[in-house]
Amino acid sequence: MTARYECSETLAMGRAARELELKTGEFELAVQLDEVSTVPPGPGAAPGRRRVPASEVARLQGERGFPDALRERIRVVGATEGAELMGIAPGRFLRLARAGCFGPVRFYVNRYGAIVWQYLAAELSAFAGKECGLIHGPTPPPMRAMLSSGQDWRGRLWRSRRVAQLVTDADGAWAVSAAIAAVLPPEELASLVRDPAERVWLRKLRPCLSSAGANTTRSREAVERVETAEEFDEVMWYRISLSRQLDAARLEHPAPAMRLSGARAGAEGAAAPADATDSADGSGSVEPGELAQTGANFAVGKEFADTGSPVKTKAFAAARVPANAKAPTKVKAPVGTDGSAEAEAEAEARAQAPAVSGDTRGLPAPAAVPSPRARLIRARTGPGAATASRARPRAAATGGGTARPGAFLTRRARASAGRARPQSPSFRKSPSWTTDTSSLPSRS
């Protein structure tokens, strides 16, 4: 895709890589090493996708030895190939790399979850030409003491180089702050940036540090260790740099305010209708007369329940009773009668009174539905239980009596003939088993 930005023609990253005859990884490394210049996207383009000026592509194509010369400048090697290039043993190359004599430009995670560092071949050749004493001479005592303490500067030098590249390409003070904050541990960032809105904004602007694939948990942990600062002095350096850059970013413009999620906003919005259910006196209860004067009915209580506001029991019950409903008349028993006559009169009056909406005292009691256990016991103990039983007679099974016509005795039944066979617990007579199933416990 070709576009014009600030009176200059620009190309997308993919097209620029094809024009320069570079692979995706090679072109990405060339951009990071500033071998290929890029510009911010123009108005209306996707944010964060930088573009390559057409003049830059034309300049690189016009160089002598294109494209081999460009590929040689961005060629990377591993530890073994780098040792051969410098003419030293792999062990000495590893010690020099850990001591920080030269830093890696990229890395990847192998199938064993280990970090494999890659170095720029041009930098290794330049170092071998300048530091002949370190290449062929003895290791200096300070370097030997540093290596004996277990220090490794490869990750630190890679982070320093990568942050410098991101800061150069950043657009604005907040983008620079996000690039610095990308290498800080989460607890250090939380202690330095106390405002949650600023932390969210920095996390949103956080650039991609590496393109190393992390397909497994082990590889992701390895990549996180490389991308995060660990040593105390390195962490303090980035903390100080971020603190100064945040001061400049706050002067430029404050971080955007955090937006509440839909569930939280809905919960706060429902707080206002909840206050509307309270009465004028602040007691929180509604009298039946007030609801009757406004024509309230059961729909009022349903509306309160739908809004999610706390519904008072007294107000909800009053909303279900119409204003013109009359209370059931209580008939008093004549003086001198016992309590049973009074109870009968009250029951008769309740039956004759009209049923009020939401009041079931005037309705007949529903018929009791027997439970499955009660039906099973009734079938076993009621009339015809002998024929309805699921077990055959014991006499026919054990040979203790005359078998019914057509009964077939198995080999086990013939072998156990004449012996007493205990009855199944389901057929043992129990004093609690009666034909009245109303006192039996129900499983439903």
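All values derive from a computational prediction rather than experimental measurement.

Chemist: For this particular structure, what's the right way to read the environment of R206?
Modeler: Here R206 shows up in the loop between α13 (196-204) and α14 (217-227). Owing to a relative accessible area of 39%, R206 belongs among the partly exposed residues under this scheme. When the C-alpha positions of R206 and A182 are compared, they lie 6.1 Å apart, and in sequence the two are 24 residues distant. Among the polar contacts listed, one links the side chain of R206 to the backbone oxygen of A182, at a separation of 3.1 Å.

Chemist: Would you take a moment to explain the nonpolar core for this structure?
Modeler: Nonpolar side chains in soluble globular proteins tend to be buried together. Among the nonpolar cores identified, the biggest contains 49 residues, and M86, F93, L96, F102, L202 and L242 are the most heavily contacted of them. If you tally residues by element for this core, the top one is helix α11 (residues 173-181), at seven residues. Setting aside chain neighbours within four positions, we find F102 in contact with M86, F93, L96, A97, Y119, L124, F127 and L157. Within the second largest apolar cluster, 18 residues are counted, among which are A30, V57, L70 and I74.

Chemist: Whenever I open this one, the confidence of the model for the protein chain confuses me. Can you help?
Modeler: Averaged over every residue, the pLDDT of the protein chain is 74; residues scoring 70 or more account for 58%. The low-confidence segment residues 1-5 (pLDDT under 50) makes 21 contacts with residues lying over four places distant or belonging to another chain. Across residues 386-403, where pLDDT falls below 50, the model places 26 contacts with residues more than four positions away in sequence or in other chains.

Chemist: Would you mind going over the pattern of salt bridges with me for this structure?
Modeler: Close approach of charged atoms allows side chains with opposite charge to pair. Taken as a whole and assessed by the stated rule, the structure comprises 15 salt bridges. Between R156 and D233 there is a salt bridge, and its shortest N-O distance comes to 2.5 Å. In this pair, R156 sits in helix α10 (residues 154-169) while D233 sits in helix α15 (residues 232-252), placing the two residues 77 residues apart along the sequence. R156 gets classed as buried once you look at its relative accessible area, which sits at 13%. Between R156 and E234 there is a salt bridge; the shortest N-O distance is 3.8 Å. Of this pair, R156 sits in helix α10 while E234 sits in helix α15, placing them 78 residues apart in sequence. Linked by salt bridges that have partners in common, E35, E56, R59, E63 and R73 make up one network.

Chemist: Sorry if this is basic, but what is going on with helix α5 (residues 79-86) here?
Modeler: Residues separated by three or four positions in an α-helix point in the same direction, a consequence of the helix having 3.6 residues per turn. When we look at burial in α5, the residues that qualify are G82, A83 and M86. For α5, the angular spread of buried residues about the axis comes to 100°, placing them on one side. Residues of α5 that are buried make contact with β4 (76-77), α6 (90-98), α7 (121-130) and α8 (132-136). G87 sits one or two positions beyond α5 and adopts a positive phi of about 75°.

Chemist: Is there a simple way to think about the pairing of strand β6 (residues 115-120) in this case?
Modeler: Regular strands have side chains that alternate between both faces of the sheet. With two bridges connecting them, β4 and β6 associate as antiparallel partners. When the sheet's bridge partners are listed, V76 is paired in β6 with L120. Bridge count for strand β5 (residues 106-109) against β6 is four bridges, and the pairing is antiparallel. Across the sheet, the residue bridging to R106 is Q118, located in β6.

Cut-offs used in this document
- Residues numbered from 1 in each chain as written.
- Predicted model: local features only at pLDDT ≥ 70, side-chain atom pairs only at ≥ 80, totals over all residues.
- Heavy atoms only, no water.
- Helix = DSSP H or I, 4+ residues; strand = E, 2+ residues; numbered from the N terminus.
- Buried < 20%, exposed > 50% of the residue type's maximum accessible area, 1.4 Å probe, protein only.
- Polar contact = N/O pair within 3.5 Å; in protein donor to acceptor, adjacent residues only side chain to side chain.
- Core = buried A, V, L, I, M, F, W, Y, C linked by side-chain atoms within 4.5 Å.
- Contact = heavy atoms within 4.5 Å.
- pLDDT = per-residue confidence, 0-100.
- Salt bridge = Lys/Arg side-chain N within 4 Å of Asp/Glu carboxyl O.
- Arc of directions from axis to C-beta.
- Pairing = 2+ DSSP bridges.

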